[in-house]
Amino acid sequence: MTDVRRTVDAVWKLESANLVGGLTRLVRDVGLAEELAQDALVAALEQWPSSGVPDNPAAWLMTTAKRRAIDHLRRTERLERRHEQLARELAQPRDVEHDDVLRLMFLSCHPVLATEQRVALTLRLVGGLSAAEIARAFLTTEQQVAQRIAAAKQTLAGVPIELPEGAAVAERLSSVLGVVYLIFNEGYSATAGDDLMRPGLCQEALRLGRLLAELAPDEAEVHGLVALMEIQASRAAARTGPRGEPVQLHEQDRGRWDPLLIRRGFTAMLRARDLGGPPGPYVLQAAIAVCHAQARTAADTDWRRIAVLYDALVRLLPTPIVRLNRAVAVGRAHGPAAGLALADELLADRALRDYHLLPSVRGDLLAELGRNAEARVEFARAATLAKNAAERDFLLRRADELGPVAPVATLGRAAADFLARDDLDASTLRSYGQTLRRLCLALGDRRPLESLTGDDVTGVFEVAWGDAAAKTWNRHRSAVRSFGAWAGRPELGDGLERRAESRSRVPGLADDQLSRLWTVEAPVRERTLWRLLHESAAGVRPVLSLNVEDLDLAERRARAGARWVTWRSGTARLLPELLGGRTRGPLFLADRRPGPARMRPAADLCPDTGRGRLSYERAEYLFKQATRALDPAGRGFTLRQLWSARGA
Amino acid sequence: MRYLMMQMATGQAPDEKLFAEMGKFIEEMTAAGVLLATGGLDPAGTRVTSEGDEITVTDGPFTEAKESVGGFALVEVQSKEEAVELARRFRRIVGDGESRIHQVFG
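Cut-offs used in this document
- Residues numbered from 1 in each chain as written.
- Chains lettered and ligands numbered in written order.
- Predicted model: local features only at pLDDT ≥ 70, side-chain atom pairs only at ≥ 80, totals over all residues.
- Heavy atoms only, no water.
- Helix = DSSP H or I, 4+ residues; strand = E, 2+ residues; numbered from the N terminus.
- Buried < 20%, exposed > 50% of the residue type's maximum accessible area, 1.4 Å probe, protein only.
- Contact = heavy atoms within 4.5 Å.
- Areas by Shrake-Rupley, 256 points an atom, 1.4 Å probe, with all protein chains shown as cover.
- Buried area = accessible area lost by both parts, 1.4 Å probe.
- Salt bridge = Lys/Arg side-chain N within 4 Å of Asp/Glu carboxyl O.
- Nonpolar A, V, L, I, M, F, W, Y, C, P; charged D, E, K, R; others polar.
- Pairing = 2+ DSSP bridges.
- Axes fitted to C-alpha atoms, helices over the stretch in contact; angles between N-to-C directions.
- Parallel < 35°, antiparallel > 145°, perpendicular 65-115°, else oblique.
- Left-handed = near helix turned anticlockwise from the far one by under 90°.
- Core = buried A, V, L, I, M, F, W, Y, C linked by side-chain atoms within 4.5 Å.
- Expected span 1.5 Å × (residues − 1).
- Arc of directions from axis to C-beta.
- pLDDT = per-residue confidence, 0-100.

Q: Pulling in residues and values, what's your account of the overall build of chain B?
A: In terms of helices and strands, chain B carries two helices and six strands. Along the chain direction, N to C, the helices and strands of chain B fall in the order β-α-β-β-β-β-α-β. When the 106 residues of chain B are sorted by exposure, 31% land in the buried category. Counting only contacts in chain B whose residues sit at least 6 apart along the sequence, the fraction spanning at least 24 positions is 76%.

Quick look at the structure:
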């Protein structure tokens, strides 16, 4: 029995993409296709122990799934003649089309889905991983993965399954490549947990990449990505030392690099190059990886060429991480001072605020320049920020290698002492704690208090709270001033101006922003909420407090407490879809049921599904996320702005 | 996990149909992203033995043809069962004979 179970698992792993891909084409619904495939799998588990594993297990599964598809369509009578057509196709033994799996990948990486949904769905549908396996790989719960997958399938239910054409191909393909590389990176540099690598994820990503290279052989970037992953994977064995600590590229034992994977990487790179055209980001990154792989020793590395490649990459992909890597390359090619100058530019980038590699890189460059005391502080700061245990230990060792600790008062110590006073009430303590934690994170808690300047503090404030509300800024400012006075360094807060706390109205959205907003792909709940806020004069709270039974659809109005909320055609069009037959309970529902620990009043729960009422905070967060791309400042808008845009 | 699949030589030259089917199978394994490397081996081979300081090089062919390896495939899969499943498919294509699967460490 166990043997059959394992054989079934193995067949599933090898065939699930073909199976689900083929079924998706037939039933035109990826969620249904997966259910049918799973049903067939269950049937295999029931029948194979007694009947034996069939000669062609994949074909058996496909036939079984198709039979069920016909039954299903007959039962639901959704498409009258569809099942006849299917019945005809059933006669053909095996009809997986070349594009089936590609179509499936495009679907599971569809831009309407959130990134973590794309990852989960791709691993599930194309990789054949179970929810439990995905949860293990991403250190989350099985339930959460299952929810993500269910939500993703629901979103995809209305999405056409056709392959994109023309210009859309490149765009959609880059989403697929992004997801594959994300999976690879999650495995290659595990962002959390005790291990540095999760090889299973790397291998899965490589498999997906190799598969994609066969499905879309004419896309240079696909081969670039495969080359990049093969070469990075070739170093896996050399990346960790005996104690599990990370070994940096230039210190790795190159004899442990896997020559087979390097050769495969070079081959993929040649395929990319043969296709011609200007190199894209993956091809450039692969070219950099090739440079490293070609050097017989670390000293042979052609850093000048790598620096040039990074210059090109930064133009295509000016992300903070790429800029940081470029600083490393320039540091090697043109000396640590040049590298440090580039790394220092990144200090003001809020995306890297809590990223441990920035202080780690600066520590390296400072140590090379002989500025050991500063380097030491940087490594210690990097260790505080690192989320991975192996990496943290390594960084602390690096800090310790740079000479003995002078017995000085450190920022971390002082902050702890300051907060340990017993004359502060709880809320002040919490507020001060926030400010000082941020200072310690940004400046390093081993930083000697003596060396701290007002400019350092001002710098942290600009990055952390530069665009925060005046009130927030002033709150943190007074915390720092209080700390400075206590520590006998009152000048620390000198660079911080008090900000005027005005009550000015937030400008509403401009017309063109509004018209672009209506084209944003978002779930129907969001689209309805936005429309309703825009079309009604009501505030966010009254709108979120609406219940289904309050609605008067015919009159396009609803009672919210003592007043009426009214709407126009945009909302009216969306409402039936949002309601989906519900007759009672909150109009806008949260994505899930509230946990047992946080029960809510019955009026805030949907009597049918048990889901809670959508909160202001959540709605605001989602709106901000959705409108990032529309906001020239890149921060996203607030719901109040939407509402106040009405008169504009 | 990597597995080296070796098939023992049968002494018979493969016909064109077998070549075509093998080609298709290899393509399929490549497209599934599991095949790392594959190749056929010269059945004659060369034997190198050592005894004390003496190293002897003997050119094949050798008498026990069934013991020699005719070809190999290096695959990367998540479990032994997947490797076995691939071997099963391979055996169905080539007919009677023997394959061996070894996990590759390191």
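Q: Describe the overall build of chain A, listing the residues and the values that go with them.
A: Regarding its fold elements, chain A presents 29 helices and three strands. In chain A, the share of contacts with a sequence separation of at least 24, taken over all contacts with a separation of at least 6, comes to 64%. Only carbon and sulfur atoms are counted for the fraction: they give 50% of the accessible area of chain A, which is about 30,900 Å².

Q: Could you give me a rundown of the interface of chain B and chain A, with the residues and numbers involved?
A: The interface is formed by 21 residues belonging to chain B together with 23 residues belonging to chain A. Contact between chain B and chain A buries roughly 1,900 Å² in total, counting both sides, with carbon and sulfur atoms accounting for 50%. For the chain B face of the interface with chain A, the top three residues by lost area are B:Leu36, B:Gln78 and B:Glu81, together amounting to 25%. Viewed at the interface, chain A and chain B are joined by four salt bridges. Across the salt bridge formed by A:Arg6 and B:Glu81, the nearest N and O atoms sit 3.2 Å from each other. Elements with a contribution of two residues or more to the side of chain B that touches chain A: helix H1 (16-31), strand E2 (35-40), strand E5 (69-76) and helix H2 (80-94) of chain B. If you tally residues by element for the side of chain B that touches chain A, the top one is H2(B), at seven residues. Among the residues making up the side of chain B that touches chain A, the classes are represented as 10 nonpolar, three polar and eight charged.

Q: Could you give an account of unusual backbone geometry, naming the residues involved and the relevant values?
A: Residues and elements named next belong to chain A. Positive phi outside glycine occurs at Arg28, with the angle close to 60 degrees. Secondary-structure assignment places Arg28 in the loop between helix H1 (2-27) and helix H2 (30-51). A positive phi is found at Arg556, a non-glycine position, where the angle reads about 55 degrees. Along the chain, Arg556 falls in the loop between strand E1 (551-552) and strand E2 (557-560).

Q: Would you mind going over the side chain of A:Ser360 in detail, with residue names and values included?
A: Residue and element names in this part refer to chain A. Of note, Ser360 is situated in helix H17 (residues 357-368). The buried category is assigned to Ser360, whose relative accessible area is 5%. Ignoring any residue separated from it by four or fewer positions in sequence, one finds Ser360 in contact with Phe379, Ala382 and Leu395.

Q: Can you explain the pairing of E5(B)? Please cite residues and give values.
A: Residue and element names in this part refer to chain B. Two strands pair when backbone bridges link them, and strand E1 (residues 2-8) and E5 are joined in this way by seven bridges, in the antiparallel orientation. Pairing of Met8 across the sheet is with Val69, part of E5. By the bridge criterion, five bridges tie E2 to E5 in an arrangement that is antiparallel. Opposite Gly40, over in E5, you have Gly71 as the bridge partner.

Q: Explain the sheet that holds E2(B) to me, using residue names and the numbers behind them.
A: Residue and element names in this part refer to chain B. Ordered in space as E2-E5-E1-E6, the four strands form an open sheet in which the pairing is antiparallel. A strand with exactly one partner marks an edge of an open sheet, and here the two such strands are E2 and strand E6 (99-104). Pairwise comparison of adjacent strand axes, ignoring direction, gives a mean angle of 15 degrees for this sheet. In the packing of H2 onto the sheet, the strands contacted are E1, E5 and E6, and the crossing angle to E1 comes to about 25 degrees.

Q: Summarise the packing of helix H5 (residues 98-108) of chain A against helix H9 (residues 167-188) of chain A; cite the residues concerned and give the values.
A: Residues and elements named next belong to chain A. Between H5 and H9, the least distance of the axes is 9 Å, while the angle of their chain directions is 80 degrees. Here H9 runs roughly perpendicular to H5, going by the angle between their axes. Side by side, H5 and H9 meet where Met105, Phe106 and Leu107 of the first sit next to Val169, Arg172, Leu173, Val176 and Val180 of the second. Class assignment of the residues belonging to the contact of H5 with H9 gives a composition of seven nonpolar, no polar and one charged.

Q: Can you tell me about the packing of H1(B) against H2(B), naming the residues and giving the values?
A: Residues and elements named next belong to chain B. Running from N to C, H1 and H2 point in directions that differ by 165 degrees, and their axes come no closer than 10 Å. As far as their axial angle goes, H2 and H1 are roughly antiparallel. Judged by the sense of rotation from one axis to the other, the crossing of H1 with H2 is right-handed. For the pair H1 and H2, contact is made by Leu18, Glu21, Met22, Phe25, Glu28 and Met29 and by Leu86, Arg89, Phe90, Ile93 and Val94, respectively. Broken down by class, the residue content of the contact of H1 with H2 amounts to eight nonpolar, no polar and three charged.

Q: Talk me through the pattern of salt bridges; I want residue IDs and the actual numbers.
A: Residue and element names in this part refer to chain A. As enumerated under the stated definition, the model contains 40 salt bridges over all chains in all. Glu204 is the salt-bridge partner of Lys13, the closest N and O atoms lying 3.0 Å from each other. With Lys13 in helix H1 and Glu204 in helix H10 (residues 199-215), this residue pair connects regions lying 191 residues apart in the sequence. By the burial criterion, Lys13 is buried, and Glu204 matches it.

Q: Go over the nonpolar core, please, and point to the residues and values.
A: One finds A:Leu23, A:Met105, A:Val126, A:Leu156, A:Ile183, A:Phe184 and A:Met229 to be the most contacted residues of the largest nonpolar core, which totals 129 residues. Of all hydrophobic cores here, the second largest spans 35 residues; its members include A:Leu517, A:Ala558, A:Tyr616 and A:Leu630.

Q: Which residues make up the sheet that holds E2(A), and what are the values?
A: Whether parallel or antiparallel, the strands of a sheet pair through hydrogen bonds between backbone atoms. All names here are of chain A. Read from one edge of the open sheet, three strands run E1-E2-E3, paired in antiparallel fashion. Edge positions in the open sheet fall to E1 and strand E3 (563-566), since each of these has one partner strand only. Pairing of E1 with E2, which is carried by two bridges, proceeds in the antiparallel orientation. Along E2, the bridge assignment pairs Leu551 with Ala558.

Q: I'd like to hear about helix H14 (residues 303-316) of chain A, residue by residue, with values.
A: Residue and element names in this part refer to chain A. For H14, built from 14 residues, the straight-helix expectation of 20 Å at 1.5 Å per residue is met to within 8% by its first-to-last C-alpha distance of 20 Å. Within H14, burial applies to Trp303, Ile306, Ala307, Leu309, Tyr310, Leu313 and Val314. Projected onto a plane normal to the axis of H14, the buried residues spread over an arc of 160 degrees and lie on a single side. In H14, the exposed residues that point more than 90 degrees away from the buried face are Arg304, Val308 and Arg315.

Q: Please set out the side chain of A:Gln252 residue by residue, giving values where relevant.
A: By the secondary structure assignment, A:Gln252 is in the loop between helix H11 (220-234) and helix H12 (259-274). Here A:Gln252 falls in the buried class, since its relative accessible area comes to 9%.

Q: Before we move on, can you summarise the environment of A:Arg618 with the specific residues and values?
A: Residues and elements named next belong to chain A. You can see Arg618 is positioned in helix H28 (residues 616-627). You can call Arg618 partly exposed: its relative accessible area is 36%. Between the C-alpha atoms of Arg618 and Asp591, which are 27 residues apart in sequence, the distance is 10.0 Å.

Q: Please set out the confidence of the model for chain B residue by residue, giving values where relevant.
A: Low-pLDDT portions of the prediction should not be read for the details of their coordinates. Residues and elements named next belong to chain B. Of the residues in chain B, 94% have a pLDDT of 70 or more, and the chain-wide mean is 86. The least confident element of chain B, judged by mean pLDDT, is H1 at 87; the most confident is E6 at 93. For this predicted complex, the interface confidence score (ipTM) comes to 0.83, while the overall pTM stands at 0.68.

Q: Hey, could you go over the environment of A:Val524 for me, with residue numbers and the actual values?
A: Residue and element names in this part refer to chain A. Within the secondary structure layout, Val524 lies in helix H25 (residues 524-535). For the pair formed by Val524 and Leu578, sequence separation is 54 residues and the distance between their alpha carbons is 6.1 Å. Each residue touching Val524, except ones within four places of it in the same chain, is listed here: Leu574, Glu577 and Leu578.

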